[in-house]
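# Geometric and topological summary
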Amino acid sequence: MDVLSSDEDSIIEIVENKIQIKKLYSKINVALMDREKIIIQMRYGLLDGNPRTQREIALILGISRSYVSRIEKRALKKLYKELNNTNKSKLNCSNK
């Protein structure tokens, strides 16, 4: 059976995406240290829409590319953990 999408569906998706983005920005500000936050923002273009390579970030910050890579990896793990803890908390609250 074919599923047809409506304008209503796309509006719901847009709203859900905006909510998820707000949560992500909130977690970035709460969970990450300053250098981690800067690297994630630069790497994924969160501030200016211009994503940068690890090499470019390394030059800007005056650190090695491999160090940028390690910091990025650690920051992404923290964000993943924070976002999953939020989801688990919601599940636990709804089960009570």
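The protein chain appears in an unreviewed UniProt entry as HTH cro/C1-type domain-containing protein from Clostridium tagluense. A UniProt comment under Sequence similarities (unreviewed entry) is attached to the protein chain, and it reads "Belongs to the sigma-70 factor family."

This part takes up the nonpolar core. Counting residues in each nonpolar core, the largest one holds seven residues, listed as Ile 39, Met 42, Ile 57, Ala 58, Ile 63, Val 68 and Ile 71. Looking at this core, the elements with two or more residues in it are α2 (34–43), α3 (54–61) and α4 (65–95). Not counting residues within four places of it along the chain, the set of residues in contact with Ile 39 comprises Ile 57, Leu 61, Ile 63, Val 68, Ile 71 and Glu 72.

Time to look at the pattern of salt bridges. Per the stated rule, a full pass over the model turns up five salt bridges. Linking Glu 82 and Lys 27 is a salt bridge whose minimum nitrogen-to-oxygen distance equals 3.5 Å. Of the two residues, Glu 82 sits in helix α4 while Lys 27 sits in helix α1 (residues 7–31), which places them 55 residues apart along the sequence. Residue Glu 82 is classed as partly exposed on the basis of its relative accessible area, which comes to 27%.

This part covers the UniProt feature "domain: HTH cro/C1-type" (unreviewed entry) in the protein chain. The UniProt entry lists residues 53–73 under the feature "domain: HTH cro/C1-type" (unreviewed entry), expressed in the numbering used here. The span residues 53–73 shows a helical share of 81% and a strand share of 0%, and its end C-alpha atoms are spaced 14 Å apart.

When two helices pack together, their arrangement is given by the angle between their axes and by how far apart the axes lie. The N-to-C vectors of α2 and α3 enclose an angle of 135°; their axes lie 10 Å apart at closest approach. On the basis of their axis angle, the class for α2 and α3 is oblique. For the element pair α2 and α3, the recorded crossing hand is right-handed. Between α2 and α3, the contacting residues are Ile 38, Ile 39, Met 42 and Arg 43 on the first element and Gln 54, Ile 57, Ile 60 and Leu 61 on the second. Residue composition of the contact of α2 with α3, grouped by class: six nonpolar, one polar and one charged.

Moving on to α3. Buried residues of α3: Gln 54, Ile 57 and Ala 58, and no others. The buried residues of α3 occupy one face: seen down the axis, they fall within an arc of 105°. Exposed residues pointing more than 90 degrees away from the buried face of α3 are listed as Arg 55 and Leu 59. Phi turns positive one or two residues past the end of α3, at Gly 62, with a value near 70°.

Here is what the cut-offs are and how they apply
Residues numbered from 1 in each chain as written. Predicted model: local features only at pLDDT ≥ 70, side-chain atom pairs only at ≥ 80, totals over all residues. Heavy atoms only, no water. UniProt positions renumbered as here; feature names shortened; annotations may be inferred. Core = buried A, V, L, I, M, F, W, Y, C linked by side-chain atoms within 4.5 Å. Buried < 20%, exposed > 50% of the residue type's maximum accessible area, 1.4 Å probe, protein only. Helix = DSSP H or I, 4+ residues; strand = E, 2+ residues; numbered from the N terminus. Contact = heavy atoms within 4.5 Å. Salt bridge = Lys/Arg side-chain N within 4 Å of Asp/Glu carboxyl O. Axes fitted to C-alpha atoms, helices over the stretch in contact; angles between N-to-C directions. Parallel < 35°, antiparallel > 145°, perpendicular 65-115°, else oblique. Left-handed = near helix turned anticlockwise from the far one by under 90°. Nonpolar A, V, L, I, M, F, W, Y, C, P; charged D, E, K, R; others polar. Arc of directions from axis to C-beta.

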